[in-house]
Amino acid sequence: CALPISGNPTNPDLLTNLALAYRSLGRADESIRLLDFGLEHHPEHVHLHINRSVAYEQSGDFERALQHLDRAIELNPKLGFVYQRQGVILLFRLRRIEESVAAFEQAVAYESRDPIAHVYLGFALAEAKRWNEAAERLELALSLDPTNRDAMLGLALTRIELGEFADRKSTRLNSSHSS
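So, here's what we can say about the structure. Note that the coordinates shown come from a computational prediction; the quantities given were computed from them, not determined experimentally.

Another point: the pattern of salt bridges. Working definition: two side chains of opposite charge can pair if their charged atoms are close together. Enumeration over the complete set of coordinates arrives at 14 salt bridges. The salt bridge partner of Asp 61 is Arg 64, with a shortest N-O separation of 3.9 Å. For Arg 64, a relative accessible area of 39% corresponds to the partly exposed category. Glu 139 is the partner of Arg 159 in a salt bridge, and the nearest nitrogen-oxygen pair spans 2.7 Å. Of this pair, Arg 159 sits in helix 9 (residues 149–161) while Glu 139 sits in helix 8 (residues 131–144); the two residues are 20 residues apart in sequence, bridging distant segments of the chain.

Here it is as structure tokens:
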């Protein structure tokens, strides 16, 4: 059975798509082999680096995943979703909070209408205990997508940290005791 890649075995787009197909089928080793082969022949191909980063992230090698995202950013610094992936690894995998804030700030600079990017930035700001900024980002995310549950939950938790609910609770308790 000849694969369509046999006609042009180094086509980077074909290699990327085939690697994605292998990964979706749970054949990670074959996916990685194709991405590595593609990068040998096309070290300047952004999507090969992005997908190789995903493979490293899935295998738990977060530093190498970041290296490939850094390279993708060098090749095309205007891809907001790449900064978003970088921020996700930095925040949720490596717990490098301030670096994640910077990555998510870049993501929203390029993807200002993406509510998910704003939610992630809000989460990172909350982890940095920058509560007011976190609330602003999460409110913005909700203005872009009023049904976003992550933004709702994040905003509620942020407002609790800001003490916005404490006054209401104590007022309610005081009024019930005075009757």
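Next, the rest of the story.
Glancing now at helix 2 (residues 28–41). In a regular helix each residue adds 1.5 Å, so 14 residues correspond to 20 Å; helix 2 covers 20 Å between its end C-alpha atoms and thus fits that length. All buried positions along helix 2 are accounted for by Ser 31, Leu 34, Leu 35, Gly 38 and Leu 39. Looking straight down helix 2, one finds that the buried residues subtend no more than 135 degrees of arc, so they occupy a single side. Exposed residues pointing more than 90 degrees away from the buried face of helix 2 are listed as Asp 29, Arg 33 and Glu 40. In this structure, the buried residues of helix 2 make contact with helix 1 (12–24), helix 3 (46–59) and helix 4 (62–75).

The next point concerns the layout of surface pockets. In this model, the largest pocket occupies a volume close to 200 Å³. Along the wall of the largest pocket there are 14 residues; nearest its centre are Phe 123, Ala 126, Glu 127, Trp 131 and Leu 157. Contributions of two or more residues to the lining of the largest pocket are made by helix 5 (80–93), helix 7 (115–127), helix 8 and helix 9. When residues in the lining of the largest pocket are grouped by element, the largest group, five residues, is from helix 9. When its residues are assigned to classes, the lining of the largest pocket shows eight nonpolar, two polar and four charged.

With 28 residues, the main nonpolar core has Ile 50, Val 82, Ile 89, Phe 104 and Leu 121 as its most contacted residues. Elements supplying a minimum of two residues to this core: helix 3, helix 4, helix 5, helix 6 (97–110) and helix 7. In contact with Phe 104, not counting residues within four places along its chain, are Gln 84, Gly 87, Val 88, Leu 91, Tyr 120, Leu 121 and Ala 124.

This next bit is on the side chain of Thr 16. Take Thr 16: it is sitting in helix 1. In this structure the side chain of Thr 16 is engaged in a polar contact, spanning 2.8 Å, whose partner is the backbone oxygen of Pro 12. Other than its neighbours up to four places away in sequence, Thr 16 contacts His 45, His 47, Leu 48 and Asn 51.

Okay, the packing of helix 1 against helix 2 next. The N-to-C vectors of helix 1 and helix 2 enclose an angle of 165 degrees; their axes lie 7 Å apart at closest approach. Overall, the two elements helix 1 and helix 2 adopt an arrangement that is roughly antiparallel. Remark: the crossing between helix 1 and helix 2 carries left-handed chirality. Of the residues in helix 2, those touching helix 1 at Leu 15, Leu 18, Ala 19, Tyr 22 and Arg 23 are Ala 28, Glu 30, Ser 31, Leu 34, Leu 35, Phe 37 and Gly 38. For the contact of helix 1 with helix 2, the class distribution of residues is eight nonpolar, two polar and two charged.

Calculation criteria
Residues numbered from 1 in each chain as written. Predicted model: local features only at pLDDT ≥ 70, side-chain atom pairs only at ≥ 80, totals over all residues. Heavy atoms only, no water. Salt bridge = Lys/Arg side-chain N within 4 Å of Asp/Glu carboxyl O. Buried < 20%, exposed > 50% of the residue type's maximum accessible area, 1.4 Å probe, protein only. Helix = DSSP H or I, 4+ residues; strand = E, 2+ residues; numbered from the N terminus. Expected span 1.5 Å × (residues − 1). Arc of directions from axis to C-beta. Contact = heavy atoms within 4.5 Å. 1 Å grid on protein atoms, 1.4 Å probe; cavity = no way out; pocket = protein on both sides within 12 Å on 5 of 7 lines; lining within 4 Å. Points joined across faces, edges and corners; volume = space filled by probe spheres on them. Nonpolar A, V, L, I, M, F, W, Y, C, P; charged D, E, K, R; others polar. Core = buried A, V, L, I, M, F, W, Y, C linked by side-chain atoms within 4.5 Å. Polar contact = N/O pair within 3.5 Å; in protein donor to acceptor, adjacent residues only side chain to side chain. Axes fitted to C-alpha atoms, helices over the stretch in contact; angles between N-to-C directions. Parallel < 35°, antiparallel > 145°, perpendicular 65-115°, else oblique. Left-handed = near helix turned anticlockwise from the far one by under 90°.

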